[in-house]
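# An overview of the molecular structure
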Amino acid sequence: MNARTVRIDAHQHFWQIARGDYGWLTPDLKPLYRDFLPADLQPLLNEHSIDGTVLIQAAPSVAETTFMLELAERAPFIKGVVGWVDMDAPDAPSRIKDMSKREKLVGLRPMIQDIQQDNWMLRDNIANALIAMRDTELTFDALILPRHLPHLRTLVSRHPDLKVIIDHGSKPDIKDQLISRWAEDMAAIARDSNAWCKLSGLVTEASANWSAEDLKPYVDHLLETFGPDRLIWGSDWPVCTLASEYGRWVETTEILLANLSGEDLDKIWRRNAIEAYGLAT
């Protein structure tokens, strides 16, 4: 891509360890166990011609959502924030309605991959929260694993007007080259719904010595099923640094998408994020 082409990173995180609500973030994750804030990301955005980002929650707390919205007020490159709310709470619909009024809040993300019940998203009380998200035009970011895909397929059939974005291609098992069942389930969701899918988070699902060729069958399948109209690029920074520097993932994406037209590239790198999240440009 031309260095002047506008891009959006639709999946990145910030955190401040002392805040204390990142249960998954422990000292054994040494590369990540420090603060990551806008000043850390800005040079990478400048280097790779990325003009804006979507900041994604990393803790199951409203306090962290408030923290992210405060960061977004001070960092103009943050175009949208995907936060968190307790969707199990009886008053979740009213909370969602109130939260939707916050400037730059564009979606909500329950941390489904960490929830014990695989079919949690199909519970009756969760449906009320999903309806509130639909009515307030907030996205439902699905942080899921391949085993959740049959349940997500049911969810999107029950809520066809809910804006659903599948994070990280649902984290396929690239390391062990498991693809068949994942491919079938992703194809079914792509065919039967209007869901988007993020082209992000794949490098941390691959082996330590991964190459673009390792990712290619999975990316090709997402291109075939969701197509350039419904794929959204994201870095998953700084989590991606467990397996890749920011620039390497950008360059790998360019290699994997090299056969696409300029118009299709613009959709994946920018336009789809704007449409899915309703970002101000």
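Below: a short report on this structure. A quick note: this is a predicted structure, and the numbers were derived from the prediction, not measured. (Residues numbered from 1 in each chain as written. Predicted model: local features only at pLDDT ≥ 70, side-chain atom pairs only at ≥ 80, totals over all residues. Heavy atoms only, no water.)

Quick look at the packing of helix 7 (residues 212-225) against helix 8 (residues 246-256) now. Where helix 7 contacts helix 8, the axes come no closer than 10 Å and their chain directions differ by 60°. Comparing their axes, helix 8 and helix 7 come out oblique. Crossing of helix 7 over helix 8 shows right-handed handedness. On helix 8, the residues touching Ala-212, Leu-215, Lys-216, Val-219 and Leu-223 of helix 7 are Trp-249, Thr-252, Ile-255 and Leu-256. Partitioned by chemical class, the residues of the contact of helix 7 with helix 8 number 7 nonpolar, 1 polar and 1 charged. (Axes fitted to C-alpha atoms, helices over the stretch in contact; angles between N-to-C directions. Helix = DSSP H or I, 4+ residues; strand = E, 2+ residues; numbered from the N terminus. Parallel < 35°, antiparallel > 145°, perpendicular 65-115°, else oblique. Left-handed = near helix turned anticlockwise from the far one by under 90°. Contact = heavy atoms within 4.5 Å. Nonpolar A, V, L, I, M, F, W, Y, C, P; charged D, E, K, R; others polar.)

Let us now look at the pairing of strand 2 (residues 50-56). Summarising burial for strand 2: 6 of the 7 residues are buried, a large majority. Running through helix 1 (residues 38-47), the crossover from strand 1 (residues 7-12) to the neighbouring parallel element strand 2 is right-handed. Where strand 2 lies against strand 3 (residues 78-83), 4 bridges are found, and the strand directions are parallel. Looking at strand 3, one finds that Thr-53 is bridged to Ile-78. Note on the crossover from strand 2 through helix 2 (residues 62-74) to strand 3: the handedness is right-handed. (Buried < 20%, exposed > 50% of the residue type's maximum accessible area, 1.4 Å probe, protein only. Right-handed = clockwise from strand over helix to strand, strands pointing away. Pairing = 2+ DSSP bridges.)

On to the pairing of strand 7 (residues 196-199), then. Because side chains alternate across strand 7, one face comprises the buried residues Trp-196 and Lys-198, and the other comprises Cys-197 and Leu-199, equally buried. Taken together, the 2 bridges between strand 6 (residues 164-166) and strand 7 define a ladder with parallel strand orientation. Looking at the pairing, Ile-165 lines up with Trp-196 of strand 7. Where the polypeptide runs from strand 6 across helix 6 (residues 180-192) and back to strand 7, its parallel neighbour, the crossover connection is right-handed. Bridging between strand 7 and strand 8 (residues 231-233) involves 3 bridges; their strand directions are parallel.

Next up on the list: the packing of helix 5 (residues 149-158) against helix 6. Between helix 5 and helix 6, whose axes approach to 10 Å, the crossing angle comes to 5°. Considered as vectors, helix 5 and helix 6 are oriented roughly parallel to each other. Facing helix 5, whose interface residues are Leu-149, Pro-150, Leu-152 and Arg-153, helix 6 presents Arg-181, Trp-182, Asp-185, Met-186, Ala-188, Ile-189, Arg-191 and Asp-192. The class makeup of the residues in the contact of helix 5 with helix 6 is 7 nonpolar, no polar and 5 charged.

Overall, the coordinates contain 18 salt bridges when judged by the stated rule. Among the ionic pairs, Asp-167 bridges to Arg-109, the shortest N-O distance being 3.0 Å. Here Asp-167 is found in the loop between strand 6 and helix 6, whereas its partner Arg-109 is found in the loop between strand 4 (105-108) and helix 4 (124-135), with 58 residues between them in sequence. Across the pair Lys-267 and Asp-229 runs a salt bridge, and its minimum N-O distance is 2.6 Å. Highlighted residues: Lys-267 in helix 9 (residues 262-277) and Asp-229 in the loop between helix 7 and strand 8, separated in sequence by 38 residues. Residue classification places Lys-267 among the buried positions, given a relative accessible area of 13%. (Salt bridge = Lys/Arg side-chain N within 4 Å of Asp/Glu carboxyl O.)

An ideal rise of 1.5 Å per residue puts 22 Å on 16 residues; helix 9 measures up with 22 Å between its terminal C-alpha atoms. Buried residues of helix 9: Asp-264, Leu-265, Asp-266, Lys-267, Ile-268, Trp-269, Asn-272, Ala-273, Ile-274, Ala-276 and Tyr-277, and no others. Phi turns positive, to about 65°, at Gly-278, one or two residues after helix 9. (Expected span 1.5 Å × (residues − 1).)

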